[in-house]
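Next come the chains, spelled out residue by residue.
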Amino acid sequence: MKKSIIFLAVAAFIVACGGTSEDKTSTSTAVTASADAPDGQKLYKTYCVTCHGLNGDMQGNGAIDLTKSALSLDERIKVISEGRTGTVMVGFKTLLDEAKVKALAEYVEKLRK
Ligand code: HEC
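This structure is a prediction, so every number in the text was calculated from the model and none was measured. (Residues numbered from 1 in each chain as written. Predicted model: local features only at pLDDT ≥ 70, side-chain atom pairs only at ≥ 80, totals over all residues. Heavy atoms only, no water.)

### Looking at the overall build of the protein chain
Counting its regular elements, the protein chain contains 5 helices and 0 strands. For the protein chain, the succession of helices and strands along the chain, N to C, is α-α-α-α-α. Counting every position in the protein chain, which comprises 113 residues, the buried fraction comes to 25%. Taken as a whole, the protein chain presents about 8200 Å² of accessible surface, with 62% of it coming from carbon and sulfur. (Helix = DSSP H or I, 4+ residues; strand = E, 2+ residues; numbered from the N terminus. Buried < 20%, exposed > 50% of the residue type's maximum accessible area, 1.4 Å probe, protein only. Areas by Shrake-Rupley, 256 points an atom, 1.4 Å probe, with all protein chains shown as cover.)

This is the structure we're talking about:
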């Protein structure tokens, strides 16, 4: 008897999930995007600390003090993806996709004092 109740519960669960699967597909991109949102801080620690330092103010290799940078979000996205000609600040667009570059640009803003 107990077994059949569990079976029914499982069956109901499967039916319930099946019933909502249509809605799920329509929102799946949004859900995935937020779940996989790149971690700006982690990316920064991986790619940027060598010159900018953990707090953004190291100025290694002639880097600009990011805590004093006054660039807008769009300008930062451009510098991070395209780089700056004639400096060691290289573009990261071949390495990082748009979402990651944006996450970095947003993280750099947090370093500002
Ligand atoms: C090899 C050293 C180096 C690395 C690595 C590096 N940068 Fe830079 N960055 C520089 C230098 C040098 C400048 C200054 C360029 C100039 O003189 O205009 C700069 C400038 C910038 C600027 C422009 C600031 C302003 O106000 O003009 C931003 C934003 C920036 N870097 C972000 C990043 C981010 C984010 C990363 C990691 C993805 C990174 N940088 C990695 C050297 C580096």
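Okay, back to it.
### Digging into the coordination of the iron atom of the ligand
Ligation of the iron atom of the ligand by protein atoms is provided by His52 (NE2) and Met89 (SD), these donors lying 2.0 Å from the ion. One way to put it: the 6 donor atoms around the iron atom of the ligand meet at angles of 87 to 179°, and that makes the site octahedral. Within this pair, whereas histidine 52 is found in helix H3 (residues 49-52), its partner methionine 89 is found in the loop between helix H4 (73-82) and helix H5 (98-111), the two being separated by 37 residues in sequence. (Donors = N, O, S within 2.8 Å, 3.2 Å for Na, K, Ca; no water. Tetrahedral: all angles 85-135°; square planar, octahedral: opposite > 155°, others 65-115°.)

### As for the layout of surface pockets
Put simply, the largest pocket is a space of about 490 Å³. For the largest pocket, the lining is made up of 26 residues, of which His52, Ile64, Leu66, Val79 and Met89 are closest to its centre. Elements that contribute at least two residues to the lining of the largest pocket include exactly helix H2 (40-47), H3, H4 and H5. (1 Å grid on protein atoms, 1.4 Å probe; cavity = no way out; pocket = protein on both sides within 12 Å on 5 of 7 lines; lining within 4 Å. Points joined across faces, edges and corners; volume = space filled by probe spheres on them.)

### Topic: the site of the ligand
Neighbouring the ligand are 22 residues; Cys48, Cys51, His52, Ser69 and Met89 lie closest to it. Here a nitrogen atom of the ligand sits 2.8 Å away from a polar atom, N or O, in the side chain of histidine 52. One of the side-chain nitrogen or oxygen atoms of arginine 84 is found 2.7 Å away from an oxygen atom of the ligand. Structurally, the ligand is housed in the largest pocket. (Near = heavy atom within 4 Å. Polar contact = N/O pair within 3.5 Å; in protein donor to acceptor, adjacent residues only side chain to side chain. Sits in = over half its atoms within 2 Å of the grid points.)

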